[in-house]
Protein chains: 2
Amino acid sequence: MTDTIPIYQQIISYIKEYIDNGIYQKGNIIPSEQEFCNQFNTSRMTVRKAIDELVNDGYLYRIQGRGTFVSHWVYRKSLEVLGFTYHMTQLGYKPSSKVLTFETKRTEPLIAEKLKILPTENVYFLSRVRMADLEPIAIENVYLPEKRFPGLDVYSFEENSLYDVLKTYYKTEVLLKQEKINAIMVEGIYAKILFEKDKGVGMRMTGVDIDTNMSPIAYANSIYHGTKYIFDVIFR
Amino acid sequence: MTDTIPIYQQIISYIKEYIDNGIYQKGNIIPSEQEFCNQFNTSRMTVRKAIDELVNDGYLYRIQGRGTFVSHWVYRKSLEVLGFTYHMTQLGYKPSSKVLTFETKRTEPLIAEKLKILPTENVYFLSRVRMADLEPIAIENVYLPEKRFPGLDVYSFEENSLYDVLKTYYKTEVLLKQEKINAIMVEGIYAKILFEKDKGVGMRMTGVDIDTNMSPIAYANSIYHGTKYIFDVIFR
DNA sequence: GTATACGAGATATATATACATGTTGTATAT
DNA sequence: ATATACAACATGTATATATATCTCGTATAC
């Protein structure tokens, strides 16, 4: 019935915005829980729920008896989950893509297992060169279950972000990405594209995207330019 | 006064243990919040606080109206923060180290900035080959502020884990690691050690360790074997 | 049989309150 | 001057309660 956003979510957005705008600055104290109670006319438990989440996500940290402070450390994990397009835009580059292949394929056993589908189901295979300011940064190969995303092939993924399409037309949002990263020597056609040479050093990243129901929505197998792209990760 | 562990912490430990022991299995439902209330004779808010944290950390996920379930996805982030020794032990390998260099040095500007110390202060420089079952996996170069860890040079870091020493003798624990990862071509002495060849593909990882007060305690600049070591990361 | 309605049970959000614990600054006693 | 005590204020933990929303199985009506 009520389409209102929960109060604690509103407080989270409010604080995030104030951090982004530099009104709450790195290392500085933010208003006390009581002050937020007054400002939002709500209970302290509700304010704490909001702050708890921001602390958990690394935006804020608390010191008992003193207050709550803005973290010194930029939070970048959530960036990654939004994909290449968003990530590059954030860094100030103009992202673009060139589709190498986009087709329906029979599912290989590995892919079926990763996507938790039957080997008899088909998958979409989307292979793209990802570019930043027209410089090739990565080759991204994505597998998506056909059954879950029927008609996906009508969209052009040179113009559209895959995540945007999944979100807008299939109401699917990525919650988690589980990735494995290692280094490889890139050869053949991929080396030609990324390095304009026969060989180059790259990073291989394989992983699964998981939606809000904890079911896998895509399996990706990508190769990143070894020196043009830097993974930025916060471990806890 | 009371040295008792908070109830919600007890519940967290309890659930984690049950997951580790396979009593709560991947994808399966765990008891309802109400059942935990009865079992621990506590209020629902307290139980929720415990489960909230486990959900946030990726151990559990909730579906409104149905229940709370054990995540399919192994949680590995926290592993990394415990360092190479712990990580390799978890994976079933026997970790060991060979110290290449351990000395006091004048601080370079980059290091000073990363550690947020003055360029006039000295740092310890510890360079080690990290091995798993006696196979070289990585070269790890760590810089630590001398002022904060006086007398660190009396310890041998072939036998001891750096993190263990910091924890035991300096009461310092790592809360976060902020890392950058890219791929490089390894040459020279490092290639000899890691690959027994003149060249090899590796990953360069640079990053800062941050303690519970959000101050930096170490800066590391390491090179990992490109194919023997795989980074396993969960993005949110 | 099939569809609908409803209720039980589970999580989601929110209020109001209480006391514990840690930090800091100020006032007081020495 | 220095130490001590205390008050003010911050976060930390916990209880008790209420209502909303979502899922699923079962009973009912057709």
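Please read all numbers here as calculations on a predicted model, not as lab measurements. (Residues numbered from 1 in each chain as written. Chains lettered and ligands numbered in written order. Predicted model: local features only at pLDDT ≥ 70, side-chain atom pairs only at ≥ 80, totals over all residues. Heavy atoms only, no water.)

Q: What's the story with helix 5 (residues 83–90) of chain A in this structure? I'm lost.
A: Residue and element names in this part refer to chain A. Every buried residue of helix 5 is accounted for by Gly83, Phe84, His87 and Met88. End-on, the buried residues of helix 5 take up no more than an arc of 145°, which puts them together on one face. Phi turns positive one or two residues past the end of helix 5, at Gly92, with a value near 90°. (Buried < 20%, exposed > 50% of the residue type's maximum accessible area, 1.4 Å probe, protein only. Helix = DSSP H or I, 4+ residues; strand = E, 2+ residues; numbered from the N terminus. Arc of directions from axis to C-beta.)

Q: Got a minute to help me understand the interface of chain B and chain A in this structure?
A: It is common to give the size of an interface as the accessible area that goes away when the parts come together. The interface is formed by 43 residues belonging to chain B together with 46 residues belonging to chain A. Along the contact surface separating chain B from chain A lie two salt bridges. Among the salt bridges present, the one from Lys49 of chain A reaches Asp52 of chain B, with a minimum N-O distance of 3.9 Å. The interface formed by chain B and chain A includes six residue pairs in polar contact (both at pLDDT 80 or more). (Contact = heavy atoms within 4.5 Å. Salt bridge = Lys/Arg side-chain N within 4 Å of Asp/Glu carboxyl O. Polar contact = N/O pair within 3.5 Å; in protein donor to acceptor, adjacent residues only side chain to side chain.)

Q: Would you explain the domain arrangement of chain A in this entry?
A: In terms of domain boundaries, chain A breaks down into domain 1 (2–70) and domain 2 (75–232). Put simply, the middle of domain 1 of chain A and the middle of domain 2 of chain A, counted by C-alpha atoms, are 34 Å apart. (Domains from an automatic or database assignment.)

Q: How do you make sense of the protein's contact with DNA strand D when you look at a structure like this?
A: The immediate surroundings of DNA strand D are formed by 26 residues, with Arg62 of chain A together with Ile7, Tyr8, Thr42 and Arg66 of chain B found nearest. Atoms of DNA strand D within 4 Å of the protein: sugar and phosphate make up 69%, bases the balance. Contact distances for DNA strand D include 2.8 Å between a phosphate oxygen and a side-chain N or O atom of Tyr8 of chain B. Arg66 of chain B is positioned with one of its side-chain polar atoms (N or O) 3.2 Å from a phosphate oxygen of DNA strand D. (Near = heavy atom within 4 Å.)

Q: In this structure, what is going on with the packing of helix 1 (residues 7–20) of chain B against helix 3 (residues 44–56) of chain B? I would like to understand it.
A: A pair of packed helices is captured by two measures, namely the crossing angle of their axes and the spacing between those axes. Residue and element names in this part refer to chain B. Following both chains from N to C, one finds helix 1 and helix 3 inclined at 50°, their axes separated by 8 Å at the closest point. In this view, helix 1 runs oblique relative to helix 3, as classed from their interaxial angle. You can see that helix 1 and helix 3 cross each other, and the crossing is right-handed. Residues Ile7, Tyr8, Ile11, Ile12, Ile15 and Lys16 of helix 1 form the contact with helix 3, whose participating residues are Thr46, Val47, Lys49, Ala50, Ile51, Glu53 and Leu54. Of the residues that constitute the contact of helix 1 with helix 3, the class distribution is nine nonpolar, one polar and three charged. (Axes fitted to C-alpha atoms, helices over the stretch in contact; angles between N-to-C directions. Parallel < 35°, antiparallel > 145°, perpendicular 65-115°, else oblique. Left-handed = near helix turned anticlockwise from the far one by under 90°. Nonpolar A, V, L, I, M, F, W, Y, C, P; charged D, E, K, R; others polar.)

Q: Looking at this structure, how should I read the relation of the copies chain B and chain A?
A: For the pair of chain copies, the relating transformation is a rotation about an axis with a translation along it. Expressed as a screw transformation, the operator carrying chain B onto chain A has a rotation angle of 180° and an axial translation of 0.2 Å, and the superposed copies differ by an RMSD of 0.4 Å. Taken together, the rotation and translation describe the operation of a two-fold axis. Among all residues of chain B, the one whose C-alpha sits closest to the rotation axis is Ala183 of chain B, at a distance of 2.9 Å. (Least-squares fit on C-alpha atoms with pLDDT ≥ 70 in both.)

Q: Is there a simple way to explain the packing of aromatic side chains in this structure?
A: Given two aromatic rings, one states the distance between the centres and the angle between the planes to describe the pair. Taken as a whole and judged by the stated rule, the model has 30 aromatic pairs over all chains. Taking the centre distance of 6.1 Å and the plane angle of 40° together, the rings of Tyr143 of chain B and Tyr219 of chain B count as tilted. Remark: Tyr219 of chain B occurs in strand 8 (residues 216–225) and Tyr143 of chain B occurs in strand 5 (residues 135–145); sequence separation between them is 76 residues. Each member of the pair, Tyr143 of chain B together with Tyr219 of chain B, is buried. Pairwise contacts between aromatic rings join Tyr14, Tyr18, Tyr24, Phe36 and Phe40 of chain A into one cluster. Directly above the aromatic system of Phe125 of chain A lies the positively charged group of Lys105 of chain A, at a separation of 4.5 Å from the ring centroid. Between Lys49 of chain B and the ring centre of Tyr8 of chain B, over which it is positioned, the NZ or CZ distance is 4.8 Å. (Phe/Tyr/Trp six-rings, centres within 6.5 Å; stacked < 30°, edge-to-face > 60°. Lys NZ or Arg CZ within 6 Å of the ring centre and 35° of its normal.)

Q: How do you make sense of the side chain of Ser97 of chain A when you look at a structure like this?
A: Residue and element names in this part refer to chain A. Tracing the backbone shows Ser97 in strand 3 (residues 95–106). Exposure remark for Ser97: the relative accessible area of 11% places this residue in the buried category. Of note is the side chain of Ser97, whose polar atom sits 3.1 Å from the side chain of Arg130.

Q: Would you mind going over the sheet that holds strand 9 (residues 231–235) of chain B with me for this structure?
A: Think of a sheet as strands paired side by side through backbone hydrogen bonds, with each pair either parallel or antiparallel. Ordered in space as 3(A)-4(A)-5(A)-8(A)-7(A)-6(A)-9(B), the seven strands form an open sheet in which the pairing is antiparallel. Both edges of this open sheet fall to strand 3 of chain A together with strand 9 of chain B, since each of them pairs with a single strand only. With direction set aside, neighbouring strand axes in the sheet form an average angle of 20°. Strand direction decides the pairing type here: strand 5 (residues 135–145) of chain A and strand 8 (residues 216–225) of chain A, joined by six bridges, are antiparallel. Bridging from a neighbouring strand, Glu140 of chain A pairs with Ser222 of chain A of strand 8 of chain A. Contacting strand 4 (122–132), strand 5, strand 6 (174–187), strand 7 (199–211) and strand 8 of chain A, helix 7 (residues 162–170) of chain A runs over the sheet at an angle of about 35° to strand 5 of chain A. Packing against the sheet, helix 8 (residues 188–195) of chain A makes contact with strand 3, strand 4, strand 5, strand 6, strand 7 and strand 8 of chain A, and its axis sits at approximately 135° to strand 5 of chain A. (Pairing = 2+ DSSP bridges.)

Q: I would appreciate a short explanation of the protein's contact with DNA strand C in the present structure.
A: Around DNA strand C, 25 residues are found, and the nearest of them are Ile7, Tyr8, Thr42 and Arg66 of chain A together with Arg62 of chain B. Sugar plus phosphate, as a fraction of atoms of DNA strand C within 4 Å of the protein: 68%. Between DNA strand C and Gln64 of chain A there is a distance of 3.0 Å, counted from a base oxygen to a side-chain nitrogen or oxygen. Between a phosphate oxygen of DNA strand C and a side-chain N or O atom of Thr68 of chain B, the distance comes to 3.2 Å. Those elements that place two or more of their residues in the surface near DNA strand C are helix 1 (7–20) and helix 3 (44–56) of chain A together with helix 3, strand 1 (60–63) and strand 2 (67–70) of chain B.

Q: Would you explain unusual backbone geometry in this entry?
A: In terms of backbone geometry, most residues other than glycine have negative phi values and most peptide bonds are trans. Positive phi, normally seen in glycine, also occurs at Asn41 of chain A, with a value near 50°. Checked against the element boundaries, Asn41 of chain A lands in the loop between helix 2 (33–40) and helix 3. Here Glu196 of chain B, not a glycine, exhibits a phi torsion of approximately 55°, which is positive. Locating Glu196 of chain B in the fold gives a position in the loop between helix 8 (188–195) and strand 7 (199–211). Accessibility expressed as a relative area gives 72% for Glu196 of chain B, which makes it exposed.

Q: Would you explain the sheet that holds strand 7 of chain B in this entry?
A: Pairing in this open sheet of seven strands is antiparallel, and the strands run 9(A)-6(B)-7(B)-8(B)-5(B)-4(B)-3(B) from one edge to the other. Across the chains shown, the open sheet's two edge strands, defined by having one partner strand only, are strand 9 (231–235) of chain A together with strand 3 (95–106) of chain B. Shown here is a sheet whose adjacent strand axes are inclined to one another by a mean of 20°, direction ignored. Where strand 9 of chain A meets strand 6 (residues 174–187) of chain B, five bridges bridge the pair, whose relative direction is antiparallel. Within strand 6 of chain B, the residue paired with Phe235 of chain A across the bridge is Lys177 of chain B. Here helix 8 of chain B sits on the sheet and contacts strand 3, strand 4 (122–132), strand 5, strand 6, strand 7 and strand 8 of chain B; the angle it forms with strand 5 of chain B, its principal contact strand, is near 135°.

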